Amino acid sequence: MLVSFLRVDGDKVVDGNGTPVILRGAGLGGWMNMENFITGYPGHEREHRAAMLEVLGQEKYDFFFDKFLEYFFTEADAKFYASLNLNCIRLPFSYRHFEDDMNPRVLKTSGFKHLDRVVDICAKHKIYTILDMHALPGGQNPDWHCDSSTNYAAFWDHKDFQDRTVWLWEELARHYKDNPWIAGYNPINEPADAQHVRLPAFYERIEAAIRAIDPDHILWLDGNTFAAEWKGFDRVLPNCVYSLHDYSSMGFPRGEPFEGTPEQLESIEQTFLRKCEFQRAKGAPIWNGEWGPVYEDPATNPDADAINKKRIALLGAQLNLYDKYAVPWSIWLYKDVGFQGMVYADPQSKYMKTIGEFVQRKKKLNVDAWGRTPNPELEAVVKPLVDWIDRNAPAATKQYPSTWNTERQIARAAIETFMARSFSDEFARLFEGMSFEDLDECAKSFAFENCVQRDGLNKTMSDHAKLRDGGH
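Residues numbered from 1 in each chain as written. Predicted model: local features only at pLDDT ≥ 70, side-chain atom pairs only at ≥ 80, totals over all residues. Heavy atoms only, no water.

Some remarks on the overall build of the protein
- Within the protein one finds 17 helices and 13 strands.
- Against the compact-globule benchmark of 23 Å for 472 residues, the protein has a radius of gyration of 21 Å, which places it among compact chains.
- Referenced to the eigenvectors of the C-alpha coordinate spread, the extents of the protein come out at roughly 55 × 55 × 45 Å.
- Relative to its full complement of 472 residues, the protein shows a buried share of 59%. (Helix = DSSP H or I, 4+ residues; strand = E, 2+ residues; numbered from the N terminus. Rg over C-alpha atoms; globule rule 2.2 N^0.38 Å. Buried < 20%, exposed > 50% of the residue type's maximum accessible area, 1.4 Å probe, protein only.)

Next comes the structure, spelled out in structure tokens:
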């Protein structure tokens, strides 16, 4: 099958014949950019890998992580994905696969091994891919998923981090410029620029740098403040799609349960429209690059089925909204350990039996930010400090990011960074003494044939994979 490069035409993405193409699918989070809640470790990937290296030694460490990357997405995954009529998958990756901080601007070609493999597998099954740099040098936001081990987004204050990012995207563009099954490049995931003007300026710089090498691929550009704000943006760059992330608090444990009331439906629509004001005003294409609820485990929560039914109903309401506005989307996420994924590692697999008790303790302590659950003991400790700060340092409540209150700032700095780091060695020791065969079995727990499918989620997504009549 001959395929042409996708391109932007007005507020749409079209193929070489000018026919609109609406890309819908999921993100392969936790793979080439690992995240704590996706594969179970605490804290940040760099700490997790360092602890695993200490416990396993270099040879077993290299073996385990290579096998993990291999099994996490194979042809069986692509076949299943295509069977749902999903036509695009977002591929998050960390810059560390392609460059070492202690050896900057020296390309690690080993990083292409699994990225090329998955791009090619997807193309074989007529699935487009979007390459998403999820973690940048210095960290582009203050959260865990850019793997900076701190709540300081140093990327924005250090030109060398920015220069290295431009250099790496030039190398990636050089490598992938002739591949039309790549729908484009997502240069920065969820940027958080406190000044709001450095991000659009950097987009202009990186757009020109990439275009000098690769004039064809679309750039998929996230809004500021975790893809939710457009302050400082005043013009649309050529052949670019502008991305928002449309998570709803009703899809998370501490949010209001979704009941499908007129007020809730109005709220999710107005929130979406606020996040895409810039695109609609400028006549630019919209992409919902991340969204989706999390799910409860029936093994640990007796109300899981009822809760999950409401979360799936929320998912359906959002999908109806995206059909209404003919919006392409990429749900978060495809595969994990049972929290949010379309498929997840079987609880009876070797990996899950190895880490299961640790994951439950981590969840109880709210070590991870994603899907934090009510914890009266923790709240009794934190709330007085939050009240004290808000009372004595009111300016602190206005600190960036604008979407974070004082409680979120404290949780990030104290629990998810300082406290979480202390658990890294404990998690790694769960794998101590394992043979190569044991490590292979652990990694293979993520192979599609060893995973459980979340049927309600997958059916709902498949029902909306192709745009329904009535979109505008």
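What follows continues from the structure just given.
Remarks on the environment of Ala413
- Inspection of the secondary structure puts Ala413 in helix H14 (residues 406–421).
- Spatially, the C-alpha atom of Ala413 lies 9.8 Å from that of Ser149, the residues being 264 residues apart in sequence.
- For Ala413, the residues in contact, after removing those within four places along its chain, are Asn151 and Phe418. (Contact = heavy atoms within 4.5 Å.)

Considering the nonpolar core
- Within the largest apolar cluster, 108 residues are counted, with the highest numbers of intra-cluster contacts made by Leu131, Tyr334, Tyr351 and Phe431.
- If near-sequence neighbours (up to four positions away) are discounted, Phe431 is found in contact with Met52, Val55, Leu56, Tyr351, Thr354, Ile355, Leu439 and Cys442. (Core = buried A, V, L, I, M, F, W, Y, C linked by side-chain atoms within 4.5 Å.)

Comments concerning unusual backbone geometry
- Cis peptide bonds are those with omega within 30 degrees of zero, and the linkage from Trp332 to Leu333 qualifies with 15°.
- Inspection of the secondary structure assignment puts Leu333 in the loop between strand S10 (329–331) and strand S11 (335–336).
- Positioned with a positive phi, Arg105 is a non-glycine residue whose angle comes to about 65°.
- The partly exposed category is assigned to Arg105, whose relative accessible area is 37%.

Looking at helix H6 (residues 159–176)
- For H6, spanning 18 residues, the distance from its first C-alpha to its last is 26 Å, which sits close to the expected 26 Å at 1.5 Å a residue.
- Turning to H6, its buried residues number three or more, namely Gln162, Asp163, Arg164, Thr165, Val166, Trp167, Leu168, Trp169, Glu171, Leu172, Ala173 and Tyr176.
- On its buried face, H6 sits against strand S4 (88–94), helix H5 (112–124), strand S5 (128–135), strand S6 (182–186) and helix H7 (198–211). (Expected span 1.5 Å × (residues − 1).)

Side note on the environment of Trp291
- Note on placement: Trp291 falls in the loop between strand S9 (286–290) and helix H11 (304–324).
- Given the relative accessible area of 0%, Trp291 is considered buried.
- For the pair Trp291 and His245, spaced 46 residues apart in sequence, the C-alpha separation works out to 5.8 Å.
- Residues within four places of Trp291 in sequence aside, it is in contact with Asp246, Tyr247, Leu315, Gln318, Leu319, Tyr322, Trp329, Ser330, Ile331 and Trp332.

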